[in-house]
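Analysis of the macromolecular model
Each chain, letter by letter, is given below.
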Number of protein chains: 2
Amino acid sequence: MRIAELSRRADVPVPTIKYYLREGLLSPGERTSHNQAQYDETHVHRLKMIKALIDVGGLSVAATREVLGKMYAPGMSVIDSAGKAQFAMTTPRPVIEDEAWAEATEQTEALIKRLGWQVRQTNPARQTLTSALATLYRLGQTGQLELLDEYARTARQVAEAELTLLAREPDPHTLLETAVIWTVLGDIVFSALRRFAQEDVAYGGPAEGRHSAEDGGVPGAAARA
Amino acid sequence: MRIAELSRRADVPVPTIKYYLREGLLSPGERTSHNQAQYDETHVHRLKMIKALIDVGGLSVAATREVLGKMYAPGMSVIDSAGKAQFAMTTPRPVIEDEAWAEATEQTEALIKRLGWQVRQTNPARQTLTSALATLYRLGQTGQLELLDEYARTARQVAEAELTLLAREPDPHTLLETAVIWTVLGDIVFSALRRFAQEDVAYGGPAEGRHSAEDGGVPGAAARA
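Residues numbered from 1 in each chain as written. Chains lettered and ligands numbered in written order. Predicted model: local features only at pLDDT ≥ 70, side-chain atom pairs only at ≥ 80, totals over all residues. Heavy atoms only, no water.

**Here's the deal with the overall build of chain A**
- Scanning chain A for helices and strands turns up nine helices and two strands.
- Its helices and strands in sequence order give chain A the pattern α-α-β-β-α-α-α-α-α-α-α, from N to C terminus.
- The globule rule puts the C-alpha radius of gyration for 225 residues at 17 Å, and the 22 Å found for chain A is more than 25% above it.
- For chain A, the C-alpha atoms occupy an extent of roughly 75 × 40 × 35 Å along the three principal directions.
- Long-range pairs, those at least 24 residues apart, make up 56% of the contacts in chain A with a sequence separation of at least 6. (Helix = DSSP H or I, 4+ residues; strand = E, 2+ residues; numbered from the N terminus. Rg over C-alpha atoms; globule rule 2.2 N^0.38 Å. Contact = heavy atoms within 4.5 Å.)

Set out below in structure tokens:
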């Protein structure tokens, strides 16, 4: 198919496709004349992946290039590709070397040790967590740190369910794509469901614990009962 | 304190502070001469909140203005302020009215109904979830939809723990600030912990289920056992 058809099929404007071609996110089509090229289904699919990572996952063009590079790297095992793509998908957070950062680093280390999890030093999510915790320290919001272990416990339930499902996929290429897409979209899905749950717990919930004006207008007051 | 001192204390550059003042994110200091103003601790704290929402939470200046407006709106109950701030904190996702979007909308409605949760039609997280699910449909990644109920169940555990902790806070203003900050940072903390858990489940885990080269290099293969 020509680039116009590719654009229609993947719902990506032609100038954006040309940009992705220049940036090396999309492999070139088969040249049929000096200014025309033919594209196939692999291009449609790849464009949908790029669109998902950038538009929905919020990844930068550079991060997307890296993720795709790891995903389709020849001669790399599925597990290594998945691990490397995973790392590339984590947006780096600004490091501010203050007292709060030092305390947050300690908390991150202590949590991983307490959980007994194998988390490599190179896992960029360490920095993500430290950055979030440092912000809580700077704002004096340390009460919420009590929730860390509960968060970790539930995050592990989610990860186990995800990997159990992944392990059922026989095709390594599909497995890798699923792992990448679900890593990015899983964060968004979980965030949305957490917002739903917060609304339901604060304003709805089971009839006996339902929030009412008599609670003094405090969300979650019912949970005290 | 003068603006230079405010800048140092909150770790925000002076031009950025001036920008926030112009944009109405920060209330003006007390004018002491035609080109000087005095700031106090409330400005330091407010700047730290702005910084957290923008730099760590990734909110836009417009969204931050709206969240802060809801948070510090006079004459509004805590529960209404928290609800409104919550909604303002959800970044809108692009709506693409195709077949996948229609299917995803149905899935979102069906999930909420199945869970029996009270989620208002105006909750912007409905659109967030629909957008993520539509992307999965477009990529043919529908196998992962099986995980939705497990995600919802764990999201509710998290929300309950959060609201139980919040309900212990006696000061309504602190409670509101905590709710806002933790909503934004909670997503990031959970995402980081999910990455830790994925690494641990795929490469580590309990000794008997530990991943090894004999699994064929498939992450989570151990989970099948």
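Let's pick the thread back up.
**Overview of the packing of helix α8 (residues 148-166) of chain B against helix α9 (residues 172-203) of chain B**
Residue and element names in this part refer to chain B.
- Interaxial distance between α8 and α9 falls to 11 Å at its minimum, and their mutual angle equals 145 degrees. Of the two possible hands of crossing, α8 and α9 adopt the one that is right-handed. On α9, the residues touching Tyr 151, Val 158, Glu 162 and Leu 166 of α8 are Leu 175, Thr 178, Ala 179, Trp 182, Phe 190 and Arg 194.
- Looking at the contact of α8 with α9, its residues break down into seven nonpolar, one polar and two charged. (Axes fitted to C-alpha atoms, helices over the stretch in contact; angles between N-to-C directions. Left-handed = near helix turned anticlockwise from the far one by under 90°. Nonpolar A, V, L, I, M, F, W, Y, C, P; charged D, E, K, R; others polar.)

**Description of the domain arrangement of chain A**
- Taken domain by domain, chain A consists of domain 1 (3-56) and domain 2 (90-153).
- For domain 1 of chain A versus domain 2 of chain A, the separation of C-alpha centres amounts to 39 Å. (Domains from an automatic or database assignment.)

**Concerning the interface of chain B and chain A**
- Taken together, the contacts link 99 residues of chain B with 99 residues of chain A.
- Both faces considered, chain B and chain A share a buried interface measuring about 9200 Å² in area, 66% of it formed by carbon and sulfur atoms.
- Asp187(A) is the partner of Arg195(B) in a salt bridge, and the nearest nitrogen-oxygen pair spans 3.2 Å.
- Elements with a contribution of two residues or more to the side of chain B that touches chain A: α3 (41-56), α5 (78-88), α6 (99-115), α7 (125-138), α8 and α9 of chain B.
- With 26 residues, the top contributor of residues to the side of chain B that touches chain A is α9(B). (Buried area = accessible area lost by both parts, 1.4 Å probe. Salt bridge = Lys/Arg side-chain N within 4 Å of Asp/Glu carboxyl O.)

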